[in-house]
Amino acid sequence: MKILFIANSFGEDTTRYLHGIARADGKNWKVANLYIGGCSLYRHYRNMLSGEAAYEFQINGHKTGIMGSLQQALLSDEWDVVATQQCSPESGEEKSYEPFATAIAEFVRIHAPKAKFYVHQTWTFETDAPRFKLTSYTNPADMIEAIKHCYEQMAKNTRAWGIIPNGEVMYKLWQERANYGIEAVHRDGFHAHKGVGRYLLALNVYATLSGRDISENSFCDFDEEVTPEAAAAARAIASEISAKYRELNKEYAKEAL
């Protein structure tokens, strides 16, 4: 499978281990992330119109130093899945999504007609994160509900094949972290921890898109230590949430056909 994320640093977090997790399951996935730090749907839309070579191409979880445009990336291969997202501070603000999301989805369909378009649900901030204090929310529970609503609406508006529910898995692991002896799910209050956080995200993408069992996935090449207990928790949560969304995504797929 060949997967392209039109994203930012949250896409970088999500794709760091995805290629490795697929390989551990005997699958050769090509995973690309188009990276601009903090990039919003509005900026992706502007880049789409301008053709600016503004993105760093990250391949299989690694930086390449190669810069290019959105169109170049879409035409560079025959992608099976293309996913995009809103920037994290605006992810719960419904008015920030359109008309940009719909226009990007149509651009993807023109330039990558064989690809299934997905929306990549981003995640909330921790309560004491400086960025959280700049939002309109009083607690992460309210923020994640707003994020879920916005991505559901984005999926409907863009006729997406489904939602990759990384917001839900991150929130669930953050809530339950003490049960597994996990000190941090985020590294700075909002980006994913370079061990268990990034592992959880990639597991969830793999399970959501492949439909395969991840409960015994053997990948363990982490940038920061992940205890066996934390790894097991990540696999269990990703299995649970991806299974729930697999049923929901069947309904989105009917509209995408």
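A brief structural summary. (Residues numbered from 1 in each chain as written. Predicted model: local features only at pLDDT ≥ 70, side-chain atom pairs only at ≥ 80, totals over all residues. Heavy atoms only, no water.)

## Quick notes on the packing of helix α7 (residues 166-176) against helix α8 (residues 196-210)
- Look at α7 against α8: their axes get within 10 Å of each other, and the N-to-C directions meet at 140°. With respect to α8, the axis of α7 lies oblique. Every pair of crossing elements has a handedness; the one defined by α7 and α8 is right-handed. Counted together, N166, V169, M170 and L173 of α7 and V196, G197, L200, L201, N204 and V205 of α8 form the full contact between these two elements.
- Of the residues contributing to the contact of α7 with α8, the split by class is seven nonpolar, three polar and no charged. (Axes fitted to C-alpha atoms, helices over the stretch in contact; angles between N-to-C directions. Helix = DSSP H or I, 4+ residues; strand = E, 2+ residues; numbered from the N terminus. Parallel < 35°, antiparallel > 145°, perpendicular 65-115°, else oblique. Left-handed = near helix turned anticlockwise from the far one by under 90°. Contact = heavy atoms within 4.5 Å. Nonpolar A, V, L, I, M, F, W, Y, C, P; charged D, E, K, R; others polar.)

## Digging into the sheet that holds strand β7 (residues 162-164)
- The strand order across the open sheet built from seven strands is β4-β3-β2-β1-β5-β6-β7, with neighbouring strands paired in mixed fashion. Sheet topology places β4 (62-68) and β7 at the edges, where each strand pairs with a single neighbour. Neighbour-to-neighbour, the strand axes of this sheet turn through a mean angle of 25°, independent of strand direction.
- Note that strand β5 (residues 81-84) and strand β6 (residues 116-120) share four bridges and pair parallel. From the neighbouring strand, T84 faces β6, where its bridge partner is V119.
- Each of β5, β6 and β7 touches helix α6 (residues 140-158); the most contacted strand, β6, lies at about 160° to it. (Pairing = 2+ DSSP bridges.)

## With respect to helix α3 (residues 41-50)
- All of the buried residues along α3 are L41, H44, N47 and M48. Summarising the axial view, the buried residues of α3 lie within an arc of 120°, below the 170-degree limit, and thus occupy one face. Of the exposed residues in α3, the ones pointing more than 90 degrees away from its buried face are L49 and S50.
- Tucked inside the fold, the buried residues of α3 contact β1 (2-6), β3 (55-59), α4 (70-75), β5, α5 (100-111) and α6. (Buried < 20%, exposed > 50% of the residue type's maximum accessible area, 1.4 Å probe, protein only. Arc of directions from axis to C-beta.)

## A closer look at the packing of aromatic side chains
- A complete count under the given rule lists twelve aromatic pairs for this structure.
- Aromatic side chains Y45 and F100 sit 5.3 Å apart centroid to centroid with 55° between the ring planes, which places their arrangement in the tilted category. Linking Y45 in helix α3 with F100 in helix α5, this pair joins segments that are 55 residues apart in sequence.
- The buried category is assigned to F100, whose relative accessible area is 15%.
- A cation sits over an aromatic face here: K116 above W161, 4.6 Å from the ring centre. (Phe/Tyr/Trp six-rings, centres within 6.5 Å; stacked < 30°, edge-to-face > 60°. Lys NZ or Arg CZ within 6 Å of the ring centre and 35° of its normal.)

## Quick word on the pairing of β5
- Burial of the side chains of β5 extends over both faces: V81 and A83 are buried on one face and V82 and T84 on the other.
- In the sheet, β1 pairs with β5 via four bridges, with the strands oriented parallel. Opposite L4, over in β5, you have V82 as the bridge partner.
- Handedness of the β-α-β unit built from β5, α5 and β6 comes out right-handed. (Right-handed = clockwise from strand over helix to strand, strands pointing away.)

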